[in-house]
Amino acid sequence: MGHTTTVRLTEELAAWLDEVASRTGLSRGRIIRDQLERARANARNGSFMKLAGVVRGPKDLSSRKGFTRS
């Protein structure tokens, strides 16, 4: 580990973090790092969502015969 960051938590978040740490046996830092990694992965995977609803046209875009729905 190379960098240290200080974050002020609300009472509720601190209580949740302590409860999860005691239940899982993981350190508070490990839980925070895991959650940050999860947020980073979700941010990468969700970037296509900005395009949702932008494309207009028929619902069935297939132009090949035999692939149309009746």
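Going by the structure above, here's the rest.
Residues numbered from 1 in each chain as written. Predicted model: local features only at pLDDT ≥ 70, side-chain atom pairs only at ≥ 80, totals over all residues. Heavy atoms only, no water.

Now, about the overall build of the protein: what can you tell me, with residues and values included?
Scanning the protein from terminus to terminus reveals two helices and zero strands. Total accessible area on the protein is roughly 7,000 Å²; 54% of this is exposed by carbon and sulfur atoms. (Helix = DSSP H or I, 4+ residues; strand = E, 2+ residues; numbered from the N terminus. Areas by Shrake-Rupley, 256 points an atom, 1.4 Å probe, with all protein chains shown as cover.)

Please give an account of the pattern of salt bridges that cites residues and values.
Scanning the entire structure with this criterion turns up four salt bridges. Between Asp18 and Arg28 there is a salt bridge, with its nearest N and O atoms 3.2 Å apart. Highlighted residues: Asp18 in helix H1 (residues 11–24) and Arg28 in helix H2 (residues 28–45), separated in sequence by 10 residues. Judged by its relative accessible area of 38%, Asp18 falls in the partly exposed class. Residue class for Arg28 comes out partly exposed when judged on its relative accessible area of 37%. The partner of Asp34 in a salt bridge is Arg30, with the nearest N and O atoms 2.5 Å apart. Here Asp34 pairs with Arg30, and both are found in helix H2, just four residues apart, close to one helical turn. Here Asp34 falls in the partly exposed class, since its relative accessible area comes to 29%. Residue Arg30 is classed as partly exposed on the basis of its relative accessible area, which comes to 33%. (Salt bridge = Lys/Arg side-chain N within 4 Å of Asp/Glu carboxyl O. Buried < 20%, exposed > 50% of the residue type's maximum accessible area, 1.4 Å probe, protein only.)

Account for the environment of Thr10, with residues named and values stated.
Here Thr10 shows up in the segment before H1. A distance of 3.1 Å separates a polar atom in the side chain of Thr10 from the backbone nitrogen of Leu13. (Polar contact = N/O pair within 3.5 Å; in protein donor to acceptor, adjacent residues only side chain to side chain.)

Describe H1, listing the residues and the values that go with them.
The end-to-end C-alpha separation of H1 is 20 Å, in line with the 20 Å expected for 14 residues at 1.5 Å each. Every buried residue belonging to H1 is among Leu17, Val20 and Ala21, and all of these are buried. Buried residues of H1, seen end-on, are gathered within an arc of 100° and therefore sit on one face of the element. Turned more than 90 degrees from where H1 packs its buried face, Glu11, Glu12, Ser22 and Arg23 sit exposed. At the C-terminal side of H1, Gly25 shows a positive phi close to 80°. (Expected span 1.5 Å × (residues − 1). Arc of directions from axis to C-beta.)

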